[in-house]
Amino acid sequence: MAIAAPIFELTNVSHRFGSTAALHNISLRVEPGERVALLGASGAGKSTLIRLLNGTLLPTSGEISVLGQNLNHLKPRQLRRVQRQIGTIYQQFHLVDNLRVIHNVNAGNLGRWSFAKACLSLVYPAERDKAAAALTQVGIPEKLYARTDQLSGGQQQRVALARVLVQDPAVILADEPVASLDPERSREMMTLLKDLSTQKNHTLIVSLHTVELAQMFCQRLIGLRKGRILFDLPTGSVTSELFADLYRLESDERAMSF
Ligand code: ADP
């Protein structure tokens, strides 16, 4: 039986921003269909890891393979082809507020469309059925022609998710997708992400501030502390001591060493 290639494979990956070591010696594999949460305090390196996974950053050292392709060795056009299979949702929704929802959803097609088609679509929206289907999947079909800035925060986050869905990616990366939502809306968004990844066997990697949401919705938890992996375990195996270590303040560490 053929063994499926991992979606991501990182070997000794480090990333520096000038003198700041954001990630240090990260090695991990993510298999197709896994639902993984990235946890860690602010500055632990979660966003940097997501940007390395989607190829918007390259490692300072180490190797990253995405869908069987080593990102370090790809030409820009090849990189874009890989990137089209990765949909990323950011904490800031990155929507154009004064456009109608359909145009923001269709922005997910831009990697695939010609420049002319993209321009024409701003006047006569192309592939309406696909955009409408994506909005139905995220539960707001009636908002197709609404102005984006008239939607609530939760609805805007759904539009950002619909924009990823029209891309039909193999992988969904979500960088703190619920950071600006209230607890009820956060659970709704996580349920949606989980259902979408389960239905289509999309791999999902999501960075979260809340341990409870990670435990509720993900099968595997990766804890990052100061740019290093503190743990990478099935959800049920992460102990409260590990969570305490993950979020321990440096001042506590200094106090403990006296
Ligand atoms: P997290 O997402 O866990 O909050 P980040 O990946 O954003 O962490 O940041 C990891 C480290 O890298 C932090 O020390 C942060 O200040 C630094 N960093 C992140 N982005 C940049 C950047 N563009 N320039 C300089 N330093 C950065």
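In every chain, residue numbers begin from 1 and rise along the written sequence. This being a predicted model, a pLDDT of at least 70 is required before a residue's local features are given, and a value of 80 or more before pairs of side-chain atoms are given or counted; all residues contribute to the totals for chains, interfaces and linings. Water and hydrogen atoms play no part in the side-chain values, which are based on all heavy atoms of the structure.

Draft legend 1. Representation of the nonpolar core within the structure. Nonpolar cores were defined as sets of buried Ala, Val, Leu, Ile, Met, Phe, Trp, Tyr and Cys residues, with membership established by side-chain atoms within 4.5 Å. Type-normalised accessible area, obtained with a 1.4 Å probe on protein chains alone, sets the label of each residue: buried when under 20%, exposed when over 50%, and partly exposed for intermediate values. With 44 residues, the main nonpolar core has Leu193, Leu208 and Leu221 as its most contacted residues. Take this core: its biggest share by element is seven residues, from helix H6 (residues 153-166). The contact partners of Leu193, leaving out residues within four places of it in the chain, are Ile89, Leu161, Ile172, Ala174, Pro177 and Leu204. Residues Leu23, Val36, Ala44 and Leu224 belong to the second largest nonpolar core, which totals 28 residues. Each helix corresponds to a stretch of at least 4 residues labelled H or I by DSSP, and each strand to a stretch of at least 2 residues labelled E; elements are numbered beginning at the N terminus. The contact definition used throughout considers only heavy atoms, calling two residues in contact when any of these lie within 4.5 Å.

Draft legend 2. Focus on the sheet that holds strand S4 (residues 61-66). Here, a strand pair is defined by DSSP locating no fewer than two bridges between the strands. As summarised here, the arrangement of the four strands in space is S2-S1-S4-S5, forming an open sheet in which the pairing is antiparallel. Strand pairing shows two members of the sheet lacking a second neighbour, strand S2 (20-30) and strand S5 (69-70), which therefore form its edges. Across seven bridges, the pairing between strand S1 (residues 8-17) and S2 is antiparallel. Paired with Phe8 across the bridge in S2 is Val30. Packed onto the sheet, helix H1 (residues 46-53) meets S1, S2 and S4 and runs at close to 125° relative to S1. Under this scheme, a helix contributes an axis fitted over its contacting stretch, all axes are lines through C-alpha atoms, and angles between N-to-C directions fall in the 0 to 180 degree range.

Draft legend 3. Just the sheet that holds strand S9 (residues 220-225), in detail. Strand order in the open sheet formed by six strands is S6-S7-S8-S3-S9-S10, and the pairing between neighbours is mixed. In the strand order of this sheet, the two ends are held by strand S6 (86-89) and strand S10 (228-234), each with one partner. Sheet twist, expressed as the mean angle between neighbouring strand axes with direction ignored, is 15°. Here five bridges tie strand S7 (residues 171-175) to strand S8 (residues 203-207), and the two strands are oriented parallel to one another.

Draft legend 4. Region of interest: helix H5 (residues 128-137). Among the residues of H5, Ala131, Ala134 and Leu135 are the ones counted as buried. Each buried residue of H5 sits inside an arc of 100° when the element is viewed along its axis, so together they form one side. Residues of H5 that are buried in the fold lie against helix H3 (101-106) and H6. Two residues or fewer after H5 comes Gly139, characterised by a positive phi angle close to 90°. Directions are taken from the helix axis to each C-beta atom, and the arc is the one they span.

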